[in-house]
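# Observations on chain architecture
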Amino acid sequence: MTAPAETILEVRDLVKHFPLTQGILVKRQIGAIKAVDGVSFDLHRGETLGVVGESGCGKSTLAKLLMALERPTSGSVKINGREIANARGGELKRMRRNIQMVMQDPYTSLNPRMTVGDIVGEPFEIHTDVVPKGGRRRKVQELLEVVGLNPDHINRYPHQFSGGQRQRIGIARGLALQPEIIICDEPVSALDVSIQAQVMNLLERLQTEFNLAYIFIAHDLSVVRHISDRVAVMYLGKIVEIGRDSEIYERPTHPYTQALLSAVPVPNPEGRETRERIILQGDPPSPANPPSGCHFRTRCWKAQAICAEQEPLLQIRSGSDHPSACHFAEALDVVNAQ
Amino acid sequence: MVEVLSEPVGGGSYEGSLLEVDDLHVEFRTRAGVAKAVNGVTYSVGAGETLAVLGESGSGKSVTAQTIMGILDMPPGKITGGEIRFRGVDLLKLPEDQRRKIRGEGISMVFQDALSALNPVFPVGWQIAEMFRVHRGASRSDAKKKAIELMDRVRIPAAKDRVNDFPHQFSGGMRQRIMIAMAIALDPEILIADEPTTALDVTVQAQIMGLLADLQRERNMGLILITHDLGVVADVADKIAVMYGGRIVENAPVHDLYRSPAHPYSKGLLESIPRVDMKGQELYAIKGLPPNLLEMPSGCAFHPRCPYRRDNCVTDVPPLYPISGTRGSACHYWREVLDDGSR
Ligand SMILES: Nc1ncnc2c1ncn2[C@@H]1O[C@H](COP(=O)(O)OP(=O)(O)OP(=O)(O)O)[C@@H](O)[C@H]1O
Ligand SMILES: Nc1ncnc2c1ncn2[C@@H]1O[C@H](COP(=O)(O)OP(=O)(O)OP(=O)(O)O)[C@@H](O)[C@H]1O
Ligand code: SF4
Ligand code: SF4
Ligand SMILES: [Mg+2]
Ligand SMILES: [Mg+2]
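Because the structure is a prediction, the values reported are computed rather than measured.

Hydrogen bonds between backbone groups are what pair the strands of a sheet, and the pairing can be parallel or antiparallel. Residues and elements named next belong to chain B. Sheet architecture is open: eight strands sit in the order 6-7-8-3-9-10-12-11, paired in mixed fashion. Each having just a single partner strand, strand 6 (107-110) and strand 11 (321-324) make up the two edges of the open sheet. The mean angle between the axes of side-by-side strands here comes to 20°, regardless of whether they run parallel or antiparallel. Of the pairings in the sheet, the one linking strand 9 (residues 239-244) to strand 10 (residues 247-253) comprises six bridges and is antiparallel in character. Residue pairing for strand 10: methionine 243 is matched across the bridge by isoleucine 248. Sheet strands touched by helix 1 (residues 61-69): strand 3 (50-55), strand 6, strand 7 (190-194), strand 8 (222-226) and strand 9. Its angle to strand 6, the strand with the most contacts, is close to 145°.

Residues and elements named next belong to chain B. Considering the arrangement of structural elements, one finds glycine 55 in strand 3. For glycine 55, a relative accessible area of 3% puts it in the buried group. Between the C-alpha atom of glycine 55 and that of phenylalanine 166, which follows or precedes it by 111 residues, the distance is 33 Å.

Attention shifts here to the interface of chain B and chain A. Listed by partner, the interface residues are 64 residues for chain B and 65 residues for chain A. Between chain B and chain A, roughly 4800 Å² of surface is buried when both sides are summed, and carbon and sulfur atoms account for 56% of that area. Counting across the interface, chain B meets chain A through one salt bridge. Across the pair Glu270(A) and Arg259(B) runs a salt bridge, and its minimum N-O distance is 3.3 Å. Of all elements in the fold, only helix 3 (114-117), helix 7 (172-184), helix 8 (202-219), helix 9 (230-236), helix 10 (254-259) and helix 11 (264-271) of chain B reach the threshold of two or more residues within the side of chain B that touches chain A.

Calculation criteria
- Residues numbered from 1 in each chain as written.
- Chains lettered and ligands numbered in written order.
- Predicted model: local features only at pLDDT ≥ 70, side-chain atom pairs only at ≥ 80, totals over all residues.
- Heavy atoms only, no water.
- Pairing = 2+ DSSP bridges.
- Helix = DSSP H or I, 4+ residues; strand = E, 2+ residues; numbered from the N terminus.
- Axes fitted to C-alpha atoms, helices over the stretch in contact; angles between N-to-C directions.
- Contact = heavy atoms within 4.5 Å.
- Buried < 20%, exposed > 50% of the residue type's maximum accessible area, 1.4 Å probe, protein only.
- Buried area = accessible area lost by both parts, 1.4 Å probe.
- Salt bridge = Lys/Arg side-chain N within 4 Å of Asp/Glu carboxyl O.

Laid out in structure tokens, this is it:
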């Protein structure tokens, strides 16, 4: 076994609570939405950490915290050993160059009044030393080509592109500064499968070439598996299971992970009427008012009295080989796991 | 006399399917030239049936849907040919007031871009309630009650507490569920869902697809599902239309297409799916770029990217060759492709 690569991103006890207010004239805070509620992990140079989990479980908020686009309620994020959560001004700008993001929503993240060339080339305007002014147009065209867009469309506006095409513009911009870490928030969700394959091959090629580290947020578990070295499963603001891709996909120990894997639609219609699934009962609880003890207990078919009383810590237990936040963690072979 | 639409359009008797798109052509007049976004799309969906529309990004799936809904941006968009028959009546010939009535109650749509489709300055509950106030004349409090019910139904946690929240306060997936709530509010006969679960995780996706299936059963609703998720398609579709460059390049019942695609583009799609045994390897990807709609390739639009290409593909546009009564492929060499099967 090779020694683990150097840690490039260190996240400890990261918390983000959004105030929940009531009243129209006088806003009173009546609680908090616990979007990210104590998340810790390391990311190594050149590695891909996949992040999966229910809609609203805090993945995008986590991404924004890592980018310092949101200030954390508490906890720390260190890039190359330096705290980004408190950085300001010039220091923040330097650190941000190292960590770039490809956004989830290609519709709102692209300025409708800027041309594609301006959008993709914008990082060069902020970080003027990366590419000399004369070479920028050429560089932007290269980036467009690399993500499968026609370089001749450099003067077009976002509304002239389809949803999938717009997502590629965001990817091109994320790649512009060749950062060490790229956070991809659903980078291929809006893309059709053929372009998705091109983009994933591209991301993997760039990773090898520049030793990039990725945090790869996606709903498609087969996509996450293909690209990730390790996978973190989130539920209601917390990581409930984390491990190497084979550990998560072949020997998941947390009931939520097991349900998630069994719900993956299989791209083959044969036998679809008889396929067995773990269908989760109940609604995802509100992050403003998570259940006591284990956050998953209201939907868990294995829940016992202790689950309401004690919060299960994210740790390795006797029944498993990787950290899981379940009192009764136990490997289960999920038939449908892709 | 002005005809009042007390009866559904077309009444009860019509031949063919509930909704039929027939040889539809749509162009965009841009400064750079004319973009032929939809070049003869033909598909149909019956009551209780699920049609999945698959296809390259930019192939005209959403523009076709917008044209069905009557919400195409005109200009720059222009419908240059074809018919859209709902219960046998060509919607393209109806006056706007009649179309408005059909929108929402007859045919309704879940939009691809959930955030931009929601109005950022109004609470989401208000926006859902508005449907009942405008279309059904419901009172404020009744409409709000209905809105909460619908938010519950699409599994927004603590719907009652969040009914006054604004769109930006919800996650991407929750916004998408709110869009679904608005689309099903008036119990439409046809629901067009444009990438409805793209932003959702699989457990909620499974629930939403289940919800759509329930609605479909209850109301015998026709569903047009636009998606690029070949897993979801395999799960729920009765039939599939594959689009490329503004055309249908293959249509087929779901089992036939997955078993043996008859067009090189559909075959390429199926082969691009990541599989466990491909981990660490490069994924199969269809080479090249999507076509430039301003300058469509001659002959078969797929020819610059096609591994089956022969000389005549560059000059002859392939018609949609019938393979069987329910299947067709717009490829000169469909037999060869069909014989190769999928991997
Ligand atoms: N600015 C905000 N104000 C209040 N609540 C917020 C804000 N941003 C996010 N939230 C809430 O925080 C929670 C986590 O949201 P987030 O966008 O991080 O989820 P997500 O995991 O990315 O979901 P999805 O998969 O749907 O994109 C949600 O309950 C959301 O409503
Ligand atoms: N308002 C517009 N002006 C000019 N061109 C447009 C306009 N709207 C759409 N188009 C073009 O029409 C073509 C079809 O777009 P459409 O949105 O239907 O694609 P799509 O198949 O839905 O793709 P995706 O899977 O990416 O959503 C695209 O090339 C797009 O650039
Ligand atoms: S701790 Fe209890 S409730 Fe939570 S996942 Fe494990 S068994 Fe289920
Ligand atoms: S007609 Fe020719 S170029 Fe077009 S898909 Fe068939 S083989 Fe390929
Ligand atoms: Mg998100
Ligand atoms: Mg679209």
